[in-house]
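What follows is the residue order along each chain.
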Amino acid sequence: MIKQQRLVTGALLLTAAGFAGRLIGFFYKIFLSHAIGAQGLGIYQMIFPLFSLAYALCVSGIQTALTRCISERKAVRDLKGAQDFLIAGCLFTLLLSLAVFAALYLGCEWFCLNILKQPACIPLIKLMAWTIPFGALHICMVSWYFASQNTCLPSVAQLLEQLIRVSASLIFWRLMLQKGMEPTPILAVAGTAVSEVFSFAFLLFFLQKDLRADGYRIRPSSWKHCLTHIVLLAAPLTANRLFLNLLRSAESLLIPLSLQQYGLSSADALSVYGILTGMALPLLLFPSAITQSFSVVLLPAVSGSRTKGETCRIALMVERTLRGGLLLGVYCFGVFFTCGDSLGMLLFHNAQAGVMIRVLALLCPFLYLSASLSGILHGLGKTSHFFLYSLTAQTLRLLCVLLLTPRIGIIGCLLGIMGNELLLVILCSFTLSREGVLRFSAKNALIRPVFFLILSVGCSRFVSSLPFWNRRNLLWQTGISLCVITLTYCGLSLAFGLIHLPKIRPRMYFHVDKK
């Protein structure tokens, strides 16, 4: 029970931090759009695929490997061994990040002039490259706390990082205006650089205090064993991230071209692509902060249970993950399908965004499940399996863009996104079934949520049809519909035991367990 409460509380902390961070980021994007304009914002966004590849190369696979190795050592009460893995992983990451930094800093001019065709990105990449070692080490330190099932400090660091980024960008913006300079995207990159250094220093301060309190002494003799284990685990994960980032970059380039082959002009193709990636998908991905948080805390929990041979506990976590993911997915499908048109007009003032939101609402149950299932598979040591599954699903998505979009327009791209998530969930479930840990109750995970959603939407339609509410504006009507659906759906789920509210003891989660 205590382990279950710790898992839920850790996920809730990460979820709260994720939602708060997304809200801050949303308003930050509004500020940037006014401060540097649409063109400046576009230039700023162009550098991020490159840095996604950089982080995929130097730390993304190591992060998951570290979390698993540390949690396994802690599960058998080997604290010194867990600390050895942390130090070895940080040193390896530092070497990789310095190599990536040098490559980016020295090669950015060629890349910007020949690939991006945008010389304005050169100073942005040069400044951003300095943040890679700090950001990579920060991610390794976060792995330590996640493996210790202490999500408090990473959550605080995540929020502070966002606040520092916004504050620093505002300060640079004011300084530019005071000196009579026109604000450029460099202010956003400078804000990001300051926030990365701050978050690194913040976690380093607490981590070194914990290591000193434990009396840890560096043991170079253990590094060879630790590095071998980390590399064997991280290699397929790193390859996964690199391939996926390359495929996604190719997809982002091919969608506008395929839409032009369908018959749209270049401006219209970019507009449709912007509505999909900048309006519809971000809105649907907003609730995924919940499942991503559970994915992070599930990895060490599953890994620790696997080390102890607790197969029944893993099966219980899988069952609750499937039930929770489908419960959230069915609810979000109802909300986005029922209120998609209204949300598109209210949030983006774009009717086509509303249409895409309603079509993509079918994606919700699979979209939220795949993130949680990935954490379970990584915890079970099935990193190579998940790599192949992700690669297969992303390839299917890219093929839909190449083959269907030129014939049926943006619907082909939407079908590719749905096929990607559906295939990923099916393949992950198949692997869990082969491992003997797949438990699935269709009654509680699917039939009841769908029935509750039908009742909720029916109640919403009834309330909206009343003469009093009919005279209200669109914002009021949408808000009432969302409230009725949410209250009815959650109330029924609580009444029939699909949602449980555990008794939480906060004092247990705001420190690192050092035993």
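Residues numbered from 1 in each chain as written. Predicted model: local features only at pLDDT ≥ 70, side-chain atom pairs only at ≥ 80, totals over all residues. Heavy atoms only, no water.

Engineer: Account for the packing of helix H9 (residues 223–262) against helix H15 (residues 383–403), naming residues and giving values.
Structural biologist: The contact between H9 and H15 brings their axes to 10 Å, and the two run at 10°. The orientation of H9 with respect to H15, classified from their angle, is roughly parallel. Each residue belonging to the contact of H9 with H15 can be placed in one class, and the counts come to 16 nonpolar, seven polar and three charged. (Axes fitted to C-alpha atoms, helices over the stretch in contact; angles between N-to-C directions. Helix = DSSP H or I, 4+ residues; strand = E, 2+ residues; numbered from the N terminus. Parallel < 35°, antiparallel > 145°, perpendicular 65-115°, else oblique. Nonpolar A, V, L, I, M, F, W, Y, C, P; charged D, E, K, R; others polar.)

Engineer: An account of the pattern of salt bridges is requested, with residue identities and associated values reported.
Structural biologist: In this structure the tally under the stated criterion is six salt bridges. The salt bridge involving Glu 109 is made with Lys 126; its shortest N-O contact spans 3.5 Å. Separated by 17 residues along the polypeptide, Glu 109 in helix H4 (residues 79–116) and Lys 126 in helix H5 (residues 122–129) bring together distant segments of the chain. For Glu 109, a relative accessible area of 40% corresponds to the partly exposed category. For Lys 126, a relative accessible area of 24% gives the class partly exposed. (Salt bridge = Lys/Arg side-chain N within 4 Å of Asp/Glu carboxyl O. Buried < 20%, exposed > 50% of the residue type's maximum accessible area, 1.4 Å probe, protein only.)

Engineer: Describe the packing of aromatic side chains, and please don't skip the residues or the numbers.
Structural biologist: The full count for this structure, using the stated rule, is eleven aromatic pairs. Pairing Phe 134 with Phe 200 gives two aromatic rings, centres 5.5 Å apart and planes at 70°, and the pair type is edge-to-face. Here Phe 200 lies in helix H8 (residues 186–213) and Phe 134 lies in helix H6 (residues 132–147), a separation of 66 residues in the sequence. Classification of Phe 200 as buried rests on a relative accessible area of 15%. (Phe/Tyr/Trp six-rings, centres within 6.5 Å; stacked < 30°, edge-to-face > 60°.)

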